[in-house]
Amino acid sequence: MAATMSQPLSVTHTEARAGAADYLNSRLSKPTGTTKPFEIPIIDISPSFSSSLADRKAVAAKIHSACTSSGFFHITGHGVPETSRSGILEQAAHFFSDLSPAQKEALHVKHSRYMFGWEPSTYSYVNPADWETGAQPETKEGFNWGYETRLDPSGGDGRYRNLDGSSDPANNWPSSTDLPDFFPAVRDYYGHVLSLARHLFRLFALSLDLQETYFDAMTTHPGGIARILYYAPAKNPQPFDLSKTDSEVGLGAHTDYECFTLLLSSATPGLEILSPDGAWTPSPAVEGSFIVNVADFMMRWTNDRYKSTVHRVVNRTSEARYSVPFFFSINYDEVVETLPGCVDAANPAKYKPIRAGEYILERLMATTKEG
Ligand SMILES: [Fe+2]
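Residues numbered from 1 in each chain as written. Predicted model: local features only at pLDDT ≥ 70, side-chain atom pairs only at ≥ 80, totals over all residues.

1. Comments concerning the overall build of the chain
Stage number 1. Counting its regular elements, the chain contains eight helices and 14 strands.
Stage number 2. Relative to the 2.2 N^0.38 estimate, which gives 21 Å for 371 residues, the radius of gyration of the chain is 20 Å and therefore close to what a compact globule would have.
Stage number 3. Projected onto the principal axes, the alpha-carbon positions of the chain cover approximately 55 × 50 × 40 Å.
Stage number 4. Taking as baseline every contact in the chain between residues at least 6 positions apart, the subset at least 24 positions apart corresponds to 81%. (Helix = DSSP H or I, 4+ residues; strand = E, 2+ residues; numbered from the N terminus. Rg over C-alpha atoms; globule rule 2.2 N^0.38 Å. Contact = placed C-beta atoms within 7 Å.)

2. Some words on the pairing of strand β4 (residues 141–145)
Stage number 1. Extensive coverage of β4 is indicated by the burial of five of its five residues.
Stage number 2. The alternating pattern of β4 places E141, F143 and W145 on one face and G142 and N144 on the opposite face, and all of these are buried.
Stage number 3. Examined bridge by bridge, strand β3 (residues 117–119) and β4 share three bridges and lie antiparallel to one another. Each bridged residue has a counterpart across the sheet, and for E119 the counterpart in β4 is G142. (Buried ≥ 20, exposed ≤ 12 C-beta atoms within 10 Å, placed from the backbone. Pairing = 2+ DSSP bridges.)

3. A few points about the environment of T213
Stage number 1. Among the secondary structure elements, T213 is positioned in the loop between α6 (182–207) and β5 (222–231).
Stage number 2. The spatial distance from the C-alpha of T213 to the C-alpha of R113 is 33 Å, given a sequence separation of 100 residues.

4. Examining helix α3 (residues 82–98)
Quick reminder: α-helices carry 3.6 residues per turn. Residues three or four places apart thus point the same way.
Stage number 1. Its 17 residues give α3 an end-to-end C-alpha distance of 23 Å, which sits within 8% of 24 Å, the value for a rise of 1.5 Å per residue.
Stage number 2. Among the residues of α3, R85, I88, Q91, A92 and F95 are the ones counted as buried. Buried positions in α3, seen along its axis, are confined to an arc of 130 degrees and lie on one side of it. Opposite its buried face, α3 presents the exposed residues E82, T83 and S97, each directed more than 90 degrees away.
Stage number 3. The inward-facing, buried residues of α3 abut β4, α6, β5, β7 (260–265) and β12 (321–331). (Expected span 1.5 Å × (residues − 1). Arc of directions from axis to C-beta.)

5. Overview of the nonpolar core
The nonpolar side chains of a soluble globular protein tend to be buried, and buried together.
Stage number 1. Membership of the largest hydrophobic core comes to 95 residues, with the highest contact counts inside it found for I63, V193, A197, C259, L262, M298 and F326.
Stage number 2. Of the residues forming this core, the biggest block, 14 residues, is contributed by α6. (Core = buried A, V, L, I, M, F, W, Y, C linked by C-beta atoms within 7 Å.)

6. A short note on the sheet that holds strand β1 (residues 42–44)
Stage number 1. The strand order β1-β2-β10-β7-β12-β5-β4-β3 describes an open sheet built from eight strands, whose pairing is mixed. Strands at the two margins of the open sheet, each flanked by one partner only, are β1 and β3. Between one strand and the next, the sheet's axes are offset by a mean angle of 25 degrees, whatever the strand orientation.
Stage number 2. Relative to strand β2 (residues 72–76), β1 is paired through three bridges, and the arrangement is parallel. Residue pairing for β2: D44 is matched across the bridge by T76.
Stage number 3. Relative to the sheet, helix α2 (residues 53–67) contacts β1, β2 and β10 (290–294), its axis offset from that of β1 by approximately 165 degrees. (Axes fitted to C-alpha atoms, helices over the stretch in contact; angles between N-to-C directions.)

7. Quick look at the sheet that holds strand β6 (residues 251–254)
Stage number 1. Across the sheet, which stays open at both edges, the four strands sit in the order β6-β11-β8-β9 with antiparallel pairing between neighbours. The sheet is open, and its two borders are formed by β6 and β9 (280–282), each paired with just one other strand. Across the sheet, the mean angle separating the axes of adjacent strands is 20 degrees when strand polarity is ignored.
Stage number 2. Note: strand β8 (residues 271–274) against β9, three bridges, orientation antiparallel. When the sheet's bridge partners are listed, I273 is paired in β9 with T281.

8. Some points on the environment of T12
Stage number 1. Among the structural elements, T12 can be located in the segment before α1 (13–28).
Stage number 2. C-beta crowding within 10 Å serves as the criterion here: with 12 such atoms nearby, T12 is assigned to the exposed category.
Stage number 3. Between the alpha carbons of T12 and I354 there is a distance of 8.3 Å; along the sequence they are 342 residues apart.

9. Details of the pairing of β7
It is a general feature of regular strands that their side chains alternate between the two faces of the sheet.
Stage number 1. When you tally the buried positions in β7, you get six out of six residues, the bulk of the element.
Stage number 2. Going residue by residue along β7, you find F260, L262 and L264 tucked away on one face and T261, L263 and S265 tucked away on the opposite face as well.
Stage number 3. Looking at chain direction, β7 and β10 are connected through four bridges and run antiparallel. Paired with L263 across the two strands is I291, which belongs to β10.

10. Topic: the confidence of the model for the chain
Note: predicted coordinates in regions of low pLDDT should not be interpreted at a detailed level.
Stage number 1. Per-residue pLDDT for the chain averages 92, and the proportion of residues at 70 or more is 95%.
Stage number 2. Counting contacts from residues 1–5, a segment whose pLDDT is below 50, to residues more than four positions away or on other chains yields 10 contacts. (pLDDT = per-residue confidence, 0-100.)

11. Re the packing of α1 against helix α8 (residues 356–365)
Stage number 1. Interaxial distance between α1 and α8 falls to 10 Å at its minimum, and their mutual angle equals 60 degrees. Pair α1 / α8 crosses with right-handed handedness. Of the residues in α8, those touching α1 at H13, A16, R17 and A20 are E358, Y359, E362 and R363.
Stage number 2. Each residue belonging to the contact of α1 with α8 can be placed in one class, and the counts come to three nonpolar, one polar and four charged. (Left-handed = near helix turned anticlockwise from the far one by under 90°. Nonpolar A, V, L, I, M, F, W, Y, C, P; charged D, E, K, R; others polar.)

12. Brief notes about unusual backbone geometry
Stage number 1. Non-glycine residue M115 carries a positive phi angle of around 65 degrees.
Stage number 2. Residue M115 is classed as buried on the basis of its C-beta count, with 21 C-beta atoms lying within 10 Å.
Stage number 3. In this structure, D304 is a non-glycine residue whose phi angle is positive, near 80 degrees.
Stage number 4. Within the element layout of this structure, D304 appears in the loop between α7 (296–301) and β11 (311–313).

Here it is in structure tokens:
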């Protein structure tokens, strides 16, 4: 699986972008109104920290079941302290309410090659097709950052490179004078979810009947973009109603690009998931949990056995919503190629190999007007 940066790949950026759009459109074009029950399972992963392989495999089996049905699941028993989770959500609120327009402007993502920094609501559509249709602007406001060795509790291996293979510092942090507790809270939270993601990746490996350590060498200097997101209270709060057209959308329909996503949110609901039958379904809040969803790399590795999930965010309430997604990637210089166990004569590989960082950068750039 490992590849060097000089190894030629057989998929172009245009193909990768078009393939993601085709998949999204195929999911969105399904008729809605299903009567089939759709549940987002809650998986207690505490047994996965056991020294018993059988215990770890039992949790992996639940993940396999979730990934071949909803593609979304809550995890409890994850071990990330409550102080860490509440700490990052508190700092998210400070970031969006305490910084002046000029302080935010200085952090604007337009200064970054990787969309790192402050992202105003109108700067992007998560679904690039919305630029062509002239969709209503998304209401989300964000701050984005990526992996740094000092954020990695393992210390990394010193070989981290940016999405495009360069090695200059890429993050754009608010100053400690403006937000003194921001970076410590980010470092604490990021370290916990990065370690949790590596642990979950071993469970994903077991869930696919691979060696438990199959992906370990791919995550020694992994990409891991995280965001804090603010969704303002709805101008016209209304309960979820599939028969009505939404007047405000926080984040449009999309798939995530990487291996899987770990999502933390405040108590205000807003995440909506497209069921396998094509019906939008609000995600219930589960106290103390993370939501995990399958993303594009996992779909490509598994040849569609695990499908990238389609979701959106709509704040229908009179309360602000904050969320913190963590998009776990492999090392950006690695190649994502269909797993040997997921292809045979009857199921040939549907996807060409892609280099992780290049694919993510292409998807990110497509969200901007210049995309
Ligand atoms: Fe997402």
